[in-house]
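Residue strings, one per chain:
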Amino acid sequence: MSLAIRIFVPYDGRFRHTGRECNGAPGRPRRGRGTIAAMGAFRVDRITGPPSPLLADGRPLAARCHVARRPLARLVGLLGTPDLAADEALWITPCAGVHAIGLRAPIGVAFVDGDGVVMRVVDPLPRGRLAAVRGARAAVECRAGVLAAVRPGSRLAVG
């Protein structure tokens, strides 16, 4: 599979294809699969089930927590989501490591064990960085700053 980057120039408020790709070969933009416009189909709220509240030691931390259990949801994660709201989170299970490569904003991550006990909190995780914890069963991603009050030993739960 080859990846070609298309070059577009604005014209009359719309984007038109210049007829050249990065390698100089003529081509037309593909519609649907493989375009940036299709990334909206991979938003976290579209590839996971209905959200539930995220609780930290019984107190609400985020009103909408999406749980990524299926392989596609875990693979895409937050890449197709423009930005998380302050009351939104993503629980990825199973997961022992995350990255912020390709994200538009920094995020906060809490790694939890099988019982939901926080093992490590990385808040903020800057764009382009990686974080992992050996033995973690899940990772909870939130907007940067939301997990500031969560400490190792706290218990996180969905629902």
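Structure: above.
Residues numbered from 1 in each chain as written. Predicted model: local features only at pLDDT ≥ 70, side-chain atom pairs only at ≥ 80, totals over all residues. Heavy atoms only, no water.

Observations regarding empty space enclosed by the protein
By rolling a water-sized probe across the atoms, one finds the places where empty space is left. With the rule as written, the count across this model stands at 1 cavity of 30 Å³ or more. Estimates place the volume of the largest cavity at around 100 Å³. If you trace the largest cavity, you find it lined by Leu78, Thr81, Pro82, Asp83, Leu84, Leu103, Arg104, Ala105, Pro106, Ile107, Cys142 and Arg143. (1 Å grid on protein atoms, 1.4 Å probe; cavity = no way out; pocket = protein on both sides within 12 Å on 5 of 7 lines; lining within 4 Å. Points joined across faces, edges and corners; volume = space filled by probe spheres on them.)

Quick look at the pattern of salt bridges
What the rule picks out here adds up to 2 salt bridges. In this structure, the salt-bridge partner of Asp87 is Arg64, at a minimum N-O distance of 3.2 Å. Residue Asp87 is located in the loop between helix H2 (71-76) and strand E5 (88-92), and its partner Arg64 is located in strand E4 (residues 59-68); the two are separated by 23 residues in the primary sequence. Taking relative accessible area as the criterion, Asp87 reaches 31% and is therefore assigned partly exposed. Residues Glu88 and Arg64 are paired through a salt bridge, measuring 3.9 Å at the closest nitrogen-oxygen approach. Residue Glu88 is located in strand E5, and its partner Arg64 is located in strand E4; the two are separated by 24 residues in the primary sequence. (Salt bridge = Lys/Arg side-chain N within 4 Å of Asp/Glu carboxyl O. Helix = DSSP H or I, 4+ residues; strand = E, 2+ residues; numbered from the N terminus. Buried < 20%, exposed > 50% of the residue type's maximum accessible area, 1.4 Å probe, protein only.)

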